[in-house]
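Notes for the structure review
Residue-level listing of the chains:
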Amino acid sequence: MINKPFTFIAAAVSILVAQCVSADQEKLKVSGFGTLASATADTRIYQFRNDRSQAEYAKKDGFAFKPLSLIGVQLDYSVSDDLDFVGQFVYREQDEQNIDSITQMAFLRYDITPSWQVRAGRLAADIFHFSDTRDVSIAYPWVKVPTEVYGIVPARSFDGADISYLRRYRNFNLSVKGFWGEGESDFSSNTFEPITFENLRSLGIELTAFDWSVALKHTRTEAESDNFDTAFVAENVAQLQPFWSGAVDFSNSLKLRNATIQYTSLYANRYLGDWEVSGELSHIDSQSIALRPSFNGFLNVSYLYGAHTFYGLFSFAKTDAYFLSKEQPNFPIIPATAELAIFVEEVASTLAHNQQTISVGWRWDLRENLAFKAQVERTDIDARGTGLRARNGLVVDDEEGVAHTLFLALSFSF
């Protein structure tokens, strides 16, 4: 993460630890959550992984525990009636493992009035509805949040500050929250190659009542870096300028660096007795060909029967396939540039996910803080749309396929 904000966070944590030694037990609350989960697939070609930050994936004829298993600890320390500190530390499968990478949240929270609140430090990424609880499996019925929506989210937390407003009406509550900050992605390939995001601005509006809620979120940010593959391809395209007058402009359009990225999501849910219907639609777009318009979403129907919840879930990620000859007919495709043309299509396809998943599952609440979950899903993956799956080789070489995955999980809190 960004060094300067994290220096402040580390200092705040140090002060907290020092105070906790002599603090009253009532001022410090320690809680936590975790998931012990396994995944097995029926294919070795397009196997499941929880999100793009992971190298670990579901196994054929075996069980993989790393993609979904994790443990988290949260500290809440009350400095005064209006000021407190929150720290959340999550250990899960990812490329980097250090104090920075496991620090999910570390912020000071101040209640200005009963309606206004400000927070500053490292905050959970509030891009989509479940972004701040995506790792807290006990909080939702499924084994995991839908990969087609949340597997694409580039980060779990950002360093910055937000301000929120809450107003209670007779039949519903209105909450508005704005955020500004910076951070870096969890995206990786064979090595850890984070993409830095700066000037991230987010605005969220939510209406909640006893049996329904609606939330709209919009986020804009600028990418301040490229991964190695994108930068390499863009540089080689620019060298075609003597042969193609549009080479430099096209090279710039391939880069994520300095590109504006936008995320928009609409979430709604409704309780109908023992039934719940919920869903979310999201749209991702940028000024870069490397992150082209993507339409994603899910629809969930759950039924509660005593300690048991049965659910059906449909989720999708849709981005149109990219073909260089169609998008840039003047690109000089000759034997000397044939390989470069393939790499251009790879840059345009790596984040172009195109798959649909149907899931059915069962949650059994053994205790108030312990749940067993089982989920089976069928995923139809389109050609050149395999970026969410664990796979080998180039995305542009991938053909359409079908994958079935079984998940078993114990979710808990303490």
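Preceding this section is the structure that the text describes.
Please read all numbers here as calculations on a predicted model, not as lab measurements. (Residues numbered from 1 in each chain as written. Predicted model: local features only at pLDDT ≥ 70, side-chain atom pairs only at ≥ 80, totals over all residues. Heavy atoms only, no water.)

**Thoughts on the overall build of the protein**
When you go through the protein residue by residue, the secondary structure sums to seven helices and 17 strands. Taking the principal axes of its C-alpha atoms as reference, the protein extends roughly 70 × 45 × 40 Å. Each of the 414 residues in the protein was classed as buried or not, and the buried ones make up 50%. Sequence-distant contacts, at least 24 apart, represent 62% of the contacts inside the protein between residues at least 6 apart. Counting only carbon and sulfur atoms, one obtains 57% of the accessible surface of the protein, whose full area is about 19600 Å². Each charge class in the protein was averaged separately, 36 positive and 52 negative side chains, and the resulting centres sit 3 Å apart. (Helix = DSSP H or I, 4+ residues; strand = E, 2+ residues; numbered from the N terminus. Buried < 20%, exposed > 50% of the residue type's maximum accessible area, 1.4 Å probe, protein only. Contact = heavy atoms within 4.5 Å. Areas by Shrake-Rupley, 256 points an atom, 1.4 Å probe, with all protein chains shown as cover. Lys, Arg positive; Asp, Glu negative; His and termini not counted. Charge placed at Lys NZ, Arg CZ, Asp CG, Glu CD.)

**So, the environment of Leu254**
Residue position: Leu254 is located in helix α5 (residues 247–254). The exposure class of Leu254 is buried, given its relative accessible area of 0%. Separated by 33 residues in the primary sequence, Leu254 and Gln287 have C-alpha atoms spaced 8.9 Å apart. Every residue in contact with Leu254, bar those within four places of it in the chain, is listed here: Thr230, Val233, Ala234, Val237, Ser288, Ile289, Ala290, Val344 and Val347.

**Remarks on the packing of aromatic side chains**
Going through the model one piece at a time under the given rule, you end up with 22 aromatic pairs. Look at Phe48 and Phe407: their rings are 4.9 Å apart centre to centre, the planes differ by 80°, and that puts the pair in the edge-to-face class. Of this pair, Phe48 sits in the loop between β1 (28–41) and β2 (59–60) while Phe407 sits in strand β17 (residues 401–413); the two residues are 359 residues apart in sequence, bridging distant segments of the chain. For the pair Phe48 and Phe407, one class covers both residues: buried. Taken together, a centroid distance of 6.3 Å and an interplanar angle of 70° make the contact between Phe250 and Phe331 edge-to-face. Of the two residues, Phe250 is situated in helix α5 and Phe331 in the loop between α6 (324–327) and α7 (338–349); the sequence distance between them amounts to 81 residues. For the residue pair Phe250 and Phe331, the accessibility class agrees, reading buried in each case. Through a chain of ring-to-ring contacts, the aromatic side chains of Phe128, Phe130, Tyr140, Trp142, Tyr150, Tyr263, Tyr267 and Phe298 assemble into a single cluster. The lysine or arginine in question, Arg119, covers the ring of Phe107, its NZ or CZ lying 4.8 Å from the ring centre. (Phe/Tyr/Trp six-rings, centres within 6.5 Å; stacked < 30°, edge-to-face > 60°. Lys NZ or Arg CZ within 6 Å of the ring centre and 35° of its normal.)

**Brief notes about the pairing of strand β15 (residues 355–367)**
Note that strand β14 (residues 308–318) and β15 share 10 bridges and pair antiparallel. Within β15, the position partnered with Leu313 by the bridge is Ser359. Pairing of β15 with strand β16 (residues 370–381) involves 12 bridges; the strand directions are antiparallel. Note on β16: the bridge partner recorded for Ser359 is Glu377. Adjacent in sequence and paired antiparallel, β15 and β16 are bridged by two residues. (Pairing = 2+ DSSP bridges.)

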